[in-house]
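# Examining the three-dimensional arrangement
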Amino acid sequence: MRDYDGTELGDVEDAASFAAVPDAFQRLWTPYRIAYIKANSEQEPTGDDCPFCTAPTLSDEQALIVHRGTHAYVLLNLFPYNSGHVLVCPYRHVATYDEATDEEVAEIGRLTQVAMRVLTETAQCHGFNIGMNQGRIAGAGVAEHLHQHIVPRWALDSNFFPIVAGTKAVPRLLGEVREEIANAWPAA
Ligand SMILES: [Zn+2]
């Protein structure tokens with residue numbers, strides 16, 4: 001599949017190539033989305049079906065984890081605002097920042113700093129948006145499990161797609177970005 005400007009977007013399998021009854025649709029396989037799909041099918045995920053509790057039980061590649069710390073870990077957001085959009089989550093299923101322990105607060109802060117340095121080096125970004133949405137009313141997609149967004153920003157990184165097509169153009173594949181960030185993450 002290619003973007004409007006000819007950029008390769010990834011492999012899409014045509015239905016006719018399956019040993020089954022073909023239909024008109026093409027499919028882009030994204031098995032790592034299952035944790036999010038499962039979570040979104042429930043109104044209030046508990047620890048068992050929460051995507052941020054499930055992610056650390058999967059492989060780094062499956063869950064798009066770039067670094068595992070002692071009290072918190074870092075993974076790519078499946079719905080990135082920009083390439084290199086990462087989330088820092090405590091392992092514990094707590095909803096709000098004031099519920100985090102001193103150790104979790106310290107490590108979330110430290111991992112945020114390291115993520116900024118790694119993204120500055122790997123993505124050559126010019127700035128960041130960093131923050132936590134606390135509660136569904138404030139925009140949290142997974143309100144039940146605390147997570148800090150780190151969004152790299154570049155000059156001219158916005159375009160007209162979100163306005164006219166409800167679509168964000170994300171120029172790089174998640175697996176490729178995960179590998180690059182994980183490889184650049186400094187050893188503890
Ligand atoms: Zn959780």
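Below or above, wherever it landed, is the structure these notes cover. (Residues numbered from 1 in each chain as written. Predicted model: local features only at pLDDT ≥ 70, side-chain atom pairs only at ≥ 80, totals over all residues. Heavy atoms only, no water.)

## Side note on the coordination of the zinc ion
Donor atoms from the polypeptide that bind the zinc ion are Cys-50 (SG), Cys-53 (SG), His-93 (ND1) and His-145 (ND1), placed at 2.0 to 2.4 Å. One way to put it: the four donor atoms around the zinc ion meet at angles of 103 to 119 degrees, and that makes the site tetrahedral. (Donors = N, O, S within 2.8 Å, 3.2 Å for Na, K, Ca; no water. Tetrahedral: all angles 85-135°; square planar, octahedral: opposite > 155°, others 65-115°.)

## Looking at the nonpolar core
Membership of the largest hydrophobic core comes to 23 residues, with the highest contact counts inside it found for Val-74, Leu-76, Val-86, Val-88, Ile-181 and Trp-185. Elements with a minimum of two residues in this core: strand 4 (72-76), strand 5 (86-90), helix 4 (102-123) and helix 6 (174-184). Top contributing element to this core by residue count: helix 4, with six residues. Among residues more than four places away in sequence, those in contact with Val-86 are Val-74, Leu-75, Leu-76, Asn-77, Ala-115, Leu-119, Gln-148, His-149, Ile-150 and Ile-181. Counting eleven residues, the second largest nonpolar core, distinct from the first, contains Cys-50, Ala-55, Cys-89 and Val-142. (Core = buried A, V, L, I, M, F, W, Y, C linked by side-chain atoms within 4.5 Å. Buried < 20%, exposed > 50% of the residue type's maximum accessible area, 1.4 Å probe, protein only. Helix = DSSP H or I, 4+ residues; strand = E, 2+ residues; numbered from the N terminus. Contact = heavy atoms within 4.5 Å.)

## Here we look at the sheet that holds strand 5
Read across the open sheet, the five strands follow the order 3-4-5-7-6; overall the sheet is antiparallel. Whereas interior strands pair on both sides, the edge strands pair on one side only; in this sheet they are strand 3 (65-68) and strand 6 (127-131). In this sheet, neighbouring strand axes are inclined to one another by 20 degrees on average, regardless of whether the strands run parallel or antiparallel. Note that strand 6 and strand 7 (residues 148-153) share five bridges and pair antiparallel. Across the sheet, residue Ile-130 finds its bridge partner in strand 7, namely Ile-150. Along the sheet, helix 4 makes contact with strand 3, strand 4, strand 5, strand 6 and strand 7, crossing strand 5 at roughly 160 degrees. (Pairing = 2+ DSSP bridges. Axes fitted to C-alpha atoms, helices over the stretch in contact; angles between N-to-C directions.)

## Quick look at the packing of helix 4 against helix 6
Where helix 4 contacts helix 6, the axes come no closer than 10 Å and their chain directions differ by 120 degrees. In terms of orientation, helix 4 and helix 6 fall into the oblique class. Both helix 4 and helix 6 take part in a crossing whose hand is right-handed. Two secondary-structure elements touch here, helix 4 through Val-118, Leu-119, Glu-121 and Thr-122 and helix 6 through Glu-180, Ile-181 and Ala-184. In the contact of helix 4 with helix 6, the residues fall into four nonpolar, one polar and two charged. (Parallel < 35°, antiparallel > 145°, perpendicular 65-115°, else oblique. Left-handed = near helix turned anticlockwise from the far one by under 90°. Nonpolar A, V, L, I, M, F, W, Y, C, P; charged D, E, K, R; others polar.)

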